[in-house]
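Each chain is listed here by its residues.
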Amino acid sequence: MLDLTRRTLLAGLAAATCLIAPMLPAPAAAAELKKITFVQEWPVPDGFWIPWILGSKKGFYAEEGIEIEIVVPPTVADTMKFLGTGRADVAFTTVMDVIFARGEQAPVVAIARYGRANNWGILSAEGKPLTVAELKGKRIGIYNDAWTKAQLEMMLADAQLTLDDVEMVAAADDTVPLLLQERVDAITGITNAEGTGMATTGGQTPEFLPAIEHGVPNTPIFMLAGNEEWLKANPDLAKAFLRATRKSIGYATEHPDEGIAAFQELYAKAYDEKFITQQWKDTIPLFGAMSDDLMVNDPAPWAELLDALVKFNVVNSVEAPDSYFTNAYLAQ
């Protein structure tokens, strides 16, 4: 049984940390700093937050005149609600949440990418690799959302298969236990969440079949997004926030142990050293080189993603790619 993964990480903590976490410490007088409310993608703290946690402790945001307030949403569905209604200024979220929110006319836009690639795919037990063609007739643990099914459908199409050729087993909150208990032959997930869970709880390095090698667009999963009204009213503050975040990512990738310690200090009750340490180690490679384009959104993958969403009936229609993201607040 999986005791602790990104999806089950002390779920009971949600009530304790719900809504607003302590203001992240800054080595400057609070009166001198401008507060930015920063809503997260998940109801409990996870290792993806390490850059801004560590960056705040190191004073990178304070150097830009900023103090960030982390908002932990009650549910995953609340991130875009907080951002779209102005209860948060910026958000750590997913590319699909941005797309779905804009489909509902929410005033949100992606302002930076977090990572360079789509690291979603099919995971199977160590020593049991699978090809797409070999998925035929297999039981696959999935999350019951439109994007998971669409990505799986795209992968299967690469081998002239359809969703009807596999048996999908929907997980209540985490696919990893299904695989560890041998209730399925493979699961869907990402390398730094489900892959991390397989390593820390299952004690194995799972086999990974990358979606991007089988017809799925290579658009990064995670994004930083902003409320459009706030961005227009505070362009310099938004740029300062992204500069500090860029510096924080660079420092956190170079000093992983320091990042883990900062996470523990702020979220002691949600801290599991083995999982969070491995999750951050699994996340670091996704940033690639710390070059000038680290956080810059590439229009081509966005266009490919939007086309695929229409083709596979995830959405009925889409706007031009540059209506979903902007690089205007990043240093070029």
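One can find the structure itself at the top, above this paragraph.
Residues numbered from 1 in each chain as written. Predicted model: local features only at pLDDT ≥ 70, side-chain atom pairs only at ≥ 80, totals over all residues. Heavy atoms only, no water.

## Considerations on the overall build of the protein
Part 1: What the protein contains, in helices and strands, is 13 helices and eleven strands.
Part 2: Its C-alpha atoms give the protein principal-axis dimensions of about 60 × 45 × 35 Å.
Part 3: With 332 residues in all, the protein has 56% of them scored as buried.
Part 4: In the structure as shown, the protein presents an accessible area of about 13,700 Å², 50% of it carried by carbon and sulfur atoms.
Part 5: Taking the 26 positively charged and 44 negatively charged side chains of the protein as two groups, their mean positions are separated by 2 Å. (Helix = DSSP H or I, 4+ residues; strand = E, 2+ residues; numbered from the N terminus. Buried < 20%, exposed > 50% of the residue type's maximum accessible area, 1.4 Å probe, protein only. Areas by Shrake-Rupley, 256 points an atom, 1.4 Å probe, with all protein chains shown as cover. Lys, Arg positive; Asp, Glu negative; His and termini not counted. Charge placed at Lys NZ, Arg CZ, Asp CG, Glu CD.)

## A closer look at the sheet that holds strand β8 (residues 167–170)
Part 1: In space, the five strands of this open sheet follow the order β8-β7-β9-β6-β10, with mixed pairing throughout. Among the strands making up the open sheet, the edge pair consists of β8 and β10 (207–210). Going across the sheet, the axis of each strand differs from the next one's by a mean of 35°, ignoring polarity.
Part 2: Direction of pairing for strand β6 (residues 120–124) relative to strand β9 (residues 186–190): antiparallel, over a ladder of four bridges. Of the residues in β9, the one forming a bridge with W120 is I190.
Part 3: Helix-sheet contacts for helix α6 (residues 146–157) involve β6, β7 (139–142), β8, β9 and β10, and the interaxial angle to β6 is about 75°. (Pairing = 2+ DSSP bridges. Axes fitted to C-alpha atoms, helices over the stretch in contact; angles between N-to-C directions. Contact = heavy atoms within 4.5 Å.)

## A short note on the pairing of strand β2 (residues 34–39)
As a general feature of sheets, a regular strand has side chains that alternate between the two faces.
Part 1: Pairing between β2 and strand β3 (residues 66–72): six bridges, direction parallel. The residue of β3 that forms the bridge with K34 is I66.
Part 2: Relative to strand β4 (residues 90–94), β2 runs parallel, the two being bridged by two bridges. Within the sheet, the bridge partner assigned to F38 lies in β4 and is V90.

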